[in-house]
Amino acid sequence: NQMVLADILESEGARVVMTCNGREALERFEQDGRTAFNLVLMDISMPEMDGHEATRLILSQAPDMPIIGQSAYAMAEERAACLASGMVSHIAKPIDVEELVQKVRQYGL
């Protein structure tokens, strides 16, 4: 799934950096710095550190970083939980490519 998302976003002109879990995402963000990223596309359910915790920790360093949550749940409660964590939006899986590209353009540029 990561490779498919990367291919889609790269075909739209994005530079994509992938990590395997929330802890790696946080470490990569700390390593590369705020200016290396325009947006974070954050999976909610991951091993080691979930997307909500990773989001809170990234936002503690960069409060203006737009983070879009993605999960297998399309329920309003999942979207509300993402927004409560500080994410700017939520995308349900399976990912609607047009919605993904629209949100990346909206928040990432």
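What you see is a predicted model, and the numbers here were worked out from it, not measured in a lab. (Residues numbered from 1 in each chain as written. Predicted model: local features only at pLDDT ≥ 70, side-chain atom pairs only at ≥ 80, totals over all residues. Heavy atoms only, no water.)

What am I meant to see in the pairing of strand 3 (residues 89-92) here?
Looking along a regular strand, one sees side chains alternate from face to face of the sheet. Note that strand 2 (residues 67-71) and strand 3 share four bridges and pair parallel. Its bridge partner being in strand 3, Gln70 is matched across the sheet by Ile91. The handedness of the strand 2 to strand 3 crossover, carried by helix 4 (residues 76-85), is right-handed. (Pairing = 2+ DSSP bridges. Helix = DSSP H or I, 4+ residues; strand = E, 2+ residues; numbered from the N terminus. Right-handed = clockwise from strand over helix to strand, strands pointing away.)

Help me understand the side chain of Ser71, please; the structure alone is not making it clear to me.
Residue position: Ser71 is located in strand 2. Among the polar contacts listed, one links the side chain of Ser71 to the side chain of Glu78, at a separation of 3.4 Å. Each residue touching Ser71, except ones within four places of it in the same chain, is listed here: Ile44, Glu78, His90, Ile91, Ala92 and Lys93. (Polar contact = N/O pair within 3.5 Å; in protein donor to acceptor, adjacent residues only side chain to side chain. Contact = heavy atoms within 4.5 Å.)

Teacher, can you tell me more about the confidence of the model for the protein chain here?
Detailed reading of the predicted coordinates is not advisable wherever pLDDT is low. Per-residue confidence for the protein chain gives a mean pLDDT of 92; residues scoring 70 or more make up 99%. Helix 3 (residues 51-61) holds the highest mean pLDDT among the elements of the protein chain, 96, whereas helix 1 (residues 2-11) holds the lowest, 90. (pLDDT = per-residue confidence, 0-100.)

Looking at this structure, how should I read the sheet that holds strand 3?
Strand pairing in a sheet relies on backbone hydrogen bonds. The paired strands run either parallel or antiparallel. Taken together, three strands build an open sheet; the order of strands is 1-2-3 and the sheet is parallel. The two strands at the open ends of the sheet, each matched to only one other strand, are strand 1 (40-43) and strand 3. Neighbour-to-neighbour, the strand axes of the sheet open up by a mean angle of 30 degrees, direction not taken into account. Two elements, strand 1 and strand 2, share four bridges in a ladder whose sense is parallel. Note that in strand 2 the partner of Asp43 across the bridge is Gln70. Across the sheet, helix 4 lies against strand 2 and strand 3, angled at about 145 degrees from strand 3, the strand it touches most. (Axes fitted to C-alpha atoms, helices over the stretch in contact; angles between N-to-C directions.)

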